[in-house]
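So the chains spell out like this:
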Amino acid sequence: MASGRDLSNDLATLWLQAPVVIAIRLQQMWMDALTGNVNAAEMNRMVSEKMMAAAESAVAVNAAMVQQGLAALTAAGPTSQSQRCIADAVAHAAIKPYSKRVRSNARRLTK
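Quick look at the structure, then. What you see is a predicted model; the values in this text were computed from it and never measured.

1. Describing the nonpolar core
The nonpolar side chains of a soluble globular protein tend to be buried, and buried together.
Part 1 of the argument: Listed in full, the six residues of the largest apolar core are Ala18, Val21, Ile24, Val102, Ala106 and Leu109.
Part 2 of the argument: Sorting the residues of this core by element identifies helix H1 (4-35) and helix H3 (80-109) as the ones contributing at least two each.
Part 3 of the argument: Contacts of valine 102, omitting those with residues within four sequence positions, involve Thr13, Leu14, Gln17, Ala18 and Val21.

What follows is the structure, encoded as structure tokens:
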């Protein structure tokens, strides 16, 4: 099960690094527009990785919900603490694919 720290780290990654990646890509697109060059590979990568992240997120959310549902069924009795852990696990499953890609893009684009 994912910890609250993992969810916090992934949310912080999105909050801090996503604007950096967006700014770098916008700058690259602006320079491409000024010079007349089009980096089609980067444009295709931007779109395809978002589609892959969305699909991966949907699968991960469904898997986490099934896993947490089975864990809740086998638990002695549901409590508000276990319900919060279920919500955290599902939220982490949804966010993780996006934060993973944002981290890798930030590393790749800032080189």
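2. Things to note about the environment of valine 59
Part 1 of the argument: Within the secondary structure layout, valine 59 lies in helix H2 (residues 40-74).
Part 2 of the argument: A residue is classified by how much of its surface remains accessible, and valine 59, at 59% relative accessible area, is exposed.
Part 3 of the argument: Each C-alpha atom of the pair valine 59 and alanine 93 lies 8.8 Å from the other, and the pair is 34 residues apart in sequence.

3. Things to note about the side chain of threonine 13
Part 1 of the argument: Residue placement: threonine 13 occurs in helix H1.
Part 2 of the argument: The class of threonine 13 is buried, set by a relative accessible area of 11%.
Part 3 of the argument: Setting aside chain neighbours within four positions, we find threonine 13 in contact with Ala18, Ser99, Val102 and Arg103.

4. Description of empty space enclosed by the protein
Part 1 of the argument: Applying the stated criterion to the full structure yields one cavity of 30 Å³ or more.
Part 2 of the argument: When its volume is computed, the largest cavity comes out at roughly 30 Å³.
Part 3 of the argument: Arg25, Gln28, Met29, Asp32, Asn39, Glu42, Met43 and Met46 together form the lining of the largest cavity.
Part 4 of the argument: A breakdown of the residues in the lining of the largest cavity according to their chemical character gives three nonpolar, two polar and three charged.

Rules behind the numbers
Residues numbered from 1 in each chain as written. Predicted model: local features only at pLDDT ≥ 70, side-chain atom pairs only at ≥ 80, totals over all residues. Heavy atoms only, no water. Core = buried A, V, L, I, M, F, W, Y, C linked by side-chain atoms within 4.5 Å. Buried < 20%, exposed > 50% of the residue type's maximum accessible area, 1.4 Å probe, protein only. Helix = DSSP H or I, 4+ residues; strand = E, 2+ residues; numbered from the N terminus. Contact = heavy atoms within 4.5 Å. 1 Å grid on protein atoms, 1.4 Å probe; cavity = no way out; pocket = protein on both sides within 12 Å on 5 of 7 lines; lining within 4 Å. Points joined across faces, edges and corners; volume = space filled by probe spheres on them. Nonpolar A, V, L, I, M, F, W, Y, C, P; charged D, E, K, R; others polar.

So, to be careful, I would describe these as geometric facts and stop short of saying anything about function.
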